Each structure stands twice: as structure tokens, then as C-alpha cells.
Amino acid sequence: MPSLQYEAMRRLALICTLILFTGCDAGSTTSQPAPGPFSDIARDETLVFFRTAGWLDEERQEWQLPVHGWVFEPEDSTARRKLFETILEQKFDLLVNDDNEANFERRLNLLIADNERGKKIVVEVAGQVHEVPASAENGHFSAILSVPASELVDFMEKGRLPYSAVTKSGETREFSGEIQLVAPEGLSIVSDIDDTAKISNVTDHKRLLEYTFLRDFAPAPGMADLYAQWSAQDASFHFVSSSPWQLYSPLEEFLDASGFPWATFSLKAVRFRDETLFDLFKEGTETKPAAIKAILSNYPGRKFILVGDSGEQDPEVYADLLREFPQQIVEIYIRNVTGASADDERFSTVFSGIAAERWHLFDDPARLHAHNAD
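We now turn to the structure provided with this report. (Residues numbered from 1 in each chain as written. Predicted model: local features only at pLDDT ≥ 70, side-chain atom pairs only at ≥ 80, totals over all residues. Heavy atoms only, no water.)

**Some remarks on the pattern of salt bridges**
Summed over all chains, the structure comprises 23 salt bridges. In this structure, the salt-bridge partner of Glu 171 is Arg 173, at a minimum N-O distance of 3.0 Å. Classification of Glu 171 as buried rests on a relative accessible area of 12%. We note a salt bridge from Lys 288 to Asp 192, for which the minimum N-O separation is 2.9 Å. Within this pair, whereas Lys 288 is found in helix α8 (residues 284-298), its partner Asp 192 is found in the loop between β10 (186-191) and α5 (205-214), the two being separated by 96 residues in sequence. When sorted by exposure, Lys 288 lands in the same class as Asp 192, which is buried. Connected via shared salt-bridge partners are Arg 81, Lys 82, Glu 85, Glu 101 and Glu 105. (Salt bridge = Lys/Arg side-chain N within 4 Å of Asp/Glu carboxyl O. Buried < 20%, exposed > 50% of the residue type's maximum accessible area, 1.4 Å probe, protein only. Helix = DSSP H or I, 4+ residues; strand = E, 2+ residues; numbered from the N terminus.)

Rendered as C-alpha cells:
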């Protein structure tokens, strides 16, 4: 039987279909890549670099540096906005008003932005210029750059490597990003976002839409403090979430403002004009394992703590991963948002064969001790 989250996201996806199939996200098919060693970004387009983490190839003594971003044309459609407003009001009794209008406009416009395909992006990293593969149909581009460790000694001490897009003469805008240089050994935290770091109410259709489109994002009580304890142990942080990449910028700003440590992001790639739309409401058991395994494989010498919540499939996903990677994954923390008990059949089944001290169901993070994984 489909979960509540599945049904909520299915309904949201169908709503988006009605709105988004009316002409947006056609992609850029007529523009040609600009000549010269600079990024092909038109005046009406913009570029966002996503936070990533590099890893050291110890045999070659080279840093592997992921560059990942999105090229898009911001959208501001009065017709689609009015349609969505009407659906929210008539189907969910949610009203757009003066208090939430700014949130609604920004988040909806990001979701219906026109993705720009075939765009050439040139970046400058540590004084070197690199051209990355052209953007795909969803406007995303990515590459892994190799740079000798000897050239990044100063940045290794700082922990993060800034870089920027090379733009043509006369371009006044700056597009910049950061790559965290994560050491081969240490503590890493892999965390969900919705109902783990941010209140989302994913099990309630109406509240999910309200928190996604209308309300100011709100931090889960005490979670930033818990993460700060791990940060004090020089932990690195990786958010793996079912939220779509289109909401990356609001999420990044919110988490920073709420006091969460700097983190990389792995979100859902969804394009609202093809079959990837349905990835929006795939359950975490289908999408999260691959994203987390990719992180684990990049850092075989690090110890990991996985943090999620009881409202979705985080316990199931994390327990399976711990069984597969028992040396790397040392603990699991599950925020209790369903009023569950650790003795419930769900958890006794999910964590069967896993030592009790390696998983924790908690209500108040202030009562937890952020264990050191050493």
C-alpha cells in the first residue's frame, strides 16, 4: 500500500504537471555556445553552483574535485502562478497572502524555471581554467577535475576551495562556488533534511504543501546544536534529501541562517516536462541508497553517522546500508516525528541483528551525546 508521503508527492507532482506542461522548460535549442574560453550564460539566464566535496587520490596524490551546477532562465508566469494559487485554495484551503507571497513567488518560480541545455561552462579552480561538459536537458552540468595535491596545500589548511565561472568581457555578474576538501580519515555526517533538519510534515498533504511553498522554513528544534557538536569534532556534513534541486538555494540559505554547519547537497534531479517528474515522489528506498553509497565510496577511510527521521524510510534505508558497510557506518540517529517507540515492531524488524548501541530513536536532541566515531 502506498505510503502517505508517496500519495502526497504524487498529488503534488500531478498539480505541477497541470501548471508546468503549459509551456515552460522548453530548454535552449536555438542558442549556440559562445566562442572563446568563457561560460555561455545569456543576460536573461543565471547559473548556480552546488556545494560539493572533494576527495584525495592518495596513490596519485591528486584531489578529485566535483563541479556541479545548474543553468536556467528565471520564470515569472502570472498565469501559472494564478493557477497554482487557485489549486492551493480550492484543494487544500491554503491561501497566498501578504505574509507568505514572497516565499510562494520565489519557490514556485524556481520550480518552473526554464532549464538551459547545451550551455558551455568554463571554471577557474586554483588558478587553472577548465571547461566542463555542456549542460544537459535539465540544465545541470558536472565534471570531476583532478588537481595535484601540491597545488592545494594552502586550501587544505582552510578546508574549502573557492572557484568561479569564467565569464565574457562586460559581464558584471559573478558566479562562484566552493568545494570542501575532505580528508581521507575522520568523521562524516550524512543527514536527511525534511523533518530531520527542517520541519516539513511530509506525512500531512496540506502541511507539506504549506511548508514547501508558503511558510518560512523552520529548523527542527535542537538539531543545529547537535550538528555543532559534531562540527567541533571536525566532522564533514552531507545532506541527502528528496527535495528537488530547484529548491537548492532557499534550502542552502535557510540551513546556513539556522546555524547548521557547511554541508554538501545531494537532492533529486527532476525535470517537469518528462518522465523524471515522477522521481519527485519516489520513496527514499529507491533514491537515497545510491546517493549515500557514492559518498561512502569516495571516503573509504572515514567513519559515518547517518541521521534521519521516522516519518519516511530513513530507518529502512540506513539499516540496510549499515549491514552493507558495517566498518564505515558506526551509528544511526532517527528523529522521532511519529510518536513511535523503539520497541515498535517496525524498529525491531528494521534493526534486527544490529546492536542496540548503534541506532538511536530520539525525541529531544539535547538529551543526546554526539558520539565521537573513533
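Here the narrative resumes, following the displayed structure.
**Topic: the layout of surface pockets**
There is about 460 Å³ of room inside the largest pocket. Thr 52, Pro 66, Phe 265, Ser 266 and Asn 298 are, among the 22 residues lining the largest pocket, the residues nearest its centre. Counting residues per element, the lining of the largest pocket draws most heavily on α8, at five residues. Residue composition of the lining of the largest pocket, grouped by class: 14 nonpolar, seven polar and one charged. (1 Å grid on protein atoms, 1.4 Å probe; cavity = no way out; pocket = protein on both sides within 12 Å on 5 of 7 lines; lining within 4 Å. Points joined across faces, edges and corners; volume = space filled by probe spheres on them. Nonpolar A, V, L, I, M, F, W, Y, C, P; charged D, E, K, R; others polar.)

**Brief notes about the sheet that holds strand β14 (residues 329-335)**
The six strands lie next to each other as β12-β11-β10-β13-β14-β15, forming an open sheet whose pairing is parallel. Of all the strands in the sheet, the pair left with one neighbour each is β12 (264-268) and β15 (359-362). When strand polarity is set aside, the average angle formed by the axes of neighbouring strands in this sheet is 15 degrees. Summarising the sheet, β10 and strand β11 (residues 236-244) pair through four bridges and their orientation is parallel. Following the sheet pairing, Ser 188 is matched in β11 by Ser 236. Along the sheet, helix α7 (residues 248-257) contacts β11 and β12; its crossing angle with β12, the most-contacted strand, is approximately 140 degrees. (Pairing = 2+ DSSP bridges. Axes fitted to C-alpha atoms, helices over the stretch in contact; angles between N-to-C directions. Contact = heavy atoms within 4.5 Å.)

**Details of the environment of Leu 267**
By the secondary structure assignment, Leu 267 is in strand β12. The spatial distance from the C-alpha of Leu 267 to the C-alpha of Gln 246 is 9.0 Å, given a sequence separation of 21 residues. With residues near it in sequence (within four places) discarded, Leu 267 still touches Ile 193, Ser 241, Ser 243, Pro 244, Trp 245, Tyr 248 and Leu 251.

**Re the packing of aromatic side chains**
In this structure the tally under the stated criterion is 20 aromatic pairs. Considering the side-chain rings of Trp 245 and Tyr 248, the 6.2 Å spacing of their centres and the 45 degrees angle between planes classify their relative orientation as tilted. The pair Trp 245 / Tyr 248 is uniform in exposure class, with both members buried. Look at Tyr 248 and Phe 265: their rings are 5.0 Å apart centre to centre, the planes differ by 80 degrees, and that puts the pair in the edge-to-face class. Residue Tyr 248 is found in helix α7, and its partner Phe 265 is found in strand β12; the two are separated by 17 residues along the sequence. Take Phe 265: its relative accessible area is 8%, and that puts it in the buried class. Among the aromatic residues, ring-to-ring pairing joins Phe 50, Tyr 227, Trp 230, Phe 237, Phe 239, Trp 245, Tyr 248, Phe 260, Phe 265, Tyr 333 and Phe 362 into one connected group. Here the guanidinium or amino end of Arg 107 rests over the ring plane of Phe 217, the centre of that ring lying 3.8 Å away. The side chain of Lys 198 reaches across the aromatic face of Phe 217, ending 4.6 Å from its centre. (Phe/Tyr/Trp six-rings, centres within 6.5 Å; stacked < 30°, edge-to-face > 60°. Lys NZ or Arg CZ within 6 Å of the ring centre and 35° of its normal.)

**Topic: the environment of Lys 158**
Tracing the chain through its elements places Lys 158 in helix α4 (residues 153-158). Given the relative accessible area of 65%, Lys 158 is considered exposed. In the structure, Lys 158 is positioned 22 residues away from Gln 180 in sequence and 9.3 Å away in space, judged by C-alpha atoms.

**Points about the nonpolar core**
If you look at the biggest cluster of nonpolar residues, it comprises 47 residues, and the most contacted ones within it are Tyr 227, Trp 230, Phe 239 and Phe 265. Ranked by size, the runner-up nonpolar core spans 27 residues in total, among them Tyr 318, Ala 319, Ile 329 and Ile 354. (Core = buried A, V, L, I, M, F, W, Y, C linked by side-chain atoms within 4.5 Å.)

**Things to note about unusual backbone geometry**
In this structure, Asp 93 is a non-glycine residue whose phi angle is positive, near 55 degrees. Positioned with a positive phi, Asn 201 is a non-glycine residue whose angle comes to about 55 degrees. If you trace the backbone, Asn 201 turns up in the loop between β10 and α5. Take Asn 201: its relative accessible area is 28%, and that puts it in the partly exposed class.

**Here's the deal with the environment of Phe 237**
Within the fold, Phe 237 resides in strand β11. When the C-alpha atoms of Phe 237 and Ala 263 are compared, they prove to be 4.7 Å apart, with 26 residues separating the residues in sequence. In contact with Phe 237, not counting residues within four places along its chain, are Ile 189, Tyr 227, Trp 230, Ser 231, Pro 261, Trp 262, Ala 263 and Thr 264.

**Quick look at the packing of helix α2 (residues 78-92) against helix α3 (residues 101-111)**
It is at 11 Å that the axes of α2 and α3 come closest, and there the two elements cross at 120 degrees. With respect to their mutual orientation, α2 and α3 come out oblique. Judged by the twist between their axes, the crossing of α2 over α3 is right-handed. Along the contact surface, α2 presents Arg 80, Arg 81, Phe 84, Glu 85 and Leu 88, while α3 presents Glu 101, Phe 104, Glu 105 and Leu 108. When the residues that make up the contact of α2 with α3 are grouped by side-chain class, the tally is four nonpolar, no polar and five charged. (Parallel < 35°, antiparallel > 145°, perpendicular 65-115°, else oblique. Left-handed = near helix turned anticlockwise from the far one by under 90°.)

None of the figures reported here should be taken as evidence of function without further support.
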